[in-house]
Amino acid sequence: TRDSMLTLLRDAGVPVEARRISIDEVFEAHAAGTLEGAAGLGTAATVAPIGRLRHRDREFSLPPLAADSPLARAAQSLDALRTGTAPDTHGWLCEV
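For clarity, every value in this text was computed on a predicted model and none was experimentally measured. (Residues numbered from 1 in each chain as written. Predicted model: local features only at pLDDT ≥ 70, side-chain atom pairs only at ≥ 80, totals over all residues. Heavy atoms only, no water.)

Caption draft 1: Just the overall build of the protein, in detail. Within the protein, the regular secondary structure consists of three helices and four strands. Walking the protein from its N terminus toward its C terminus, one meets helices and strands in the order α-α-β-β-β-β-α. Each of the three principal axes of the protein carries a C-alpha extent, and together these read 50 × 25 × 25 Å. For the protein, with 96 residues in total, the buried portion stands at 20%. For the protein, the accessible area works out to roughly 7,000 Å², and carbon and sulfur atoms hold 51% of it. Seen as two clouds, the 10 positive and the 13 negative side-chain charges of the protein have centres 6 Å apart. (Helix = DSSP H or I, 4+ residues; strand = E, 2+ residues; numbered from the N terminus. Buried < 20%, exposed > 50% of the residue type's maximum accessible area, 1.4 Å probe, protein only. Areas by Shrake-Rupley, 256 points an atom, 1.4 Å probe, with all protein chains shown as cover. Lys, Arg positive; Asp, Glu negative; His and termini not counted. Charge placed at Lys NZ, Arg CZ, Asp CG, Glu CD.)

Structural data, given as structure tokens:
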């Protein structure tokens with residue numbers, strides 16, 4: 001799912017950077033107002049938005065993803081591929 005989401009985001013023209021980040025960087029981005037959203041991605045083609053993040057004595061909440069956010073749009077595209085309502089332009093699906 002991670003690689004699929006990165007591919008779909010790139011397909012949509014969203015700049016993507018895959019790298020390790022520290023928890024401090026996440027909290028700093030939230031404090032600066034630059035953290036727009038976050039999600040956990042699973043191997044069962046699942047995208048779960050993160051509503052609250054807590055680490056030790058720090059915690060913050062995130063608003064629900066806006067329907068037009070890049071992450072929400074990529075998740076919708078992935079779901080459409082998975083359910084067969086969008087064409088599989090990447091050859092990811094196989095009939096079972």
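Picking up where we left off.
Caption draft 2: View of the pattern of salt bridges. With the rule as written, the count across this model stands at seven salt bridges. Measuring nitrogen to oxygen at the nearest pair gives 2.8 Å for the salt bridge that ties Glu-17 to Arg-19. Since its relative accessible area comes to 60%, Glu-17 is described here as exposed. Glu-59 is the partner of Arg-52 in a salt bridge, and the nearest nitrogen-oxygen pair spans 3.1 Å. Judged by its relative accessible area of 58%, Arg-52 is exposed. Residues participating in the shared-partner salt-bridge network are Glu-17, Arg-19 and Glu-25. (Salt bridge = Lys/Arg side-chain N within 4 Å of Asp/Glu carboxyl O.)

Caption draft 3: How the structure looks around unusual backbone geometry. For Arg-56, which is not glycine, the phi torsion reads 50° and is therefore positive. Among the secondary structure elements, Arg-56 is positioned in the loop between strand 3 (52–55) and strand 4 (58–61).

Caption draft 4: Molecular detail of the packing of aromatic side chains. Under the defined criterion, the tally for this structure stands at one aromatic pair. A ring pair is formed by Phe-27 and Phe-60, whose centres lie 5.0 Å apart and whose planes are at 80°; its orientation type is edge-to-face. On the criterion of sequence distance, the pair formed by Phe-27 in helix 2 (residues 23–32) and Phe-60 in strand 4 is long-range, its members being 33 residues apart. Owing to a relative accessible area of 6%, Phe-60 belongs among the buried residues under this scheme. The ring centre of Phe-27 lies 4.3 Å from the NZ or CZ of Arg-58, which sits over that ring. (Phe/Tyr/Trp six-rings, centres within 6.5 Å; stacked < 30°, edge-to-face > 60°. Lys NZ or Arg CZ within 6 Å of the ring centre and 35° of its normal.)

Caption draft 5: Structural detail: the nonpolar core. One finds Met-5, Leu-8, Leu-9, Val-14, Leu-71, Ala-74, Ala-75, Leu-78 and Leu-81 forming the largest nonpolar core, which totals nine residues. Looking at this core, the elements with two or more residues in it are helix 1 (2–11) and helix 3 (70–83). Element by element, the count of residues in this core is highest for helix 3, at five residues. Excluding residues within four positions of it along the chain, Ala-74 makes contact with Met-5, Leu-8 and Leu-9. (Core = buried A, V, L, I, M, F, W, Y, C linked by side-chain atoms within 4.5 Å. Contact = heavy atoms within 4.5 Å.)

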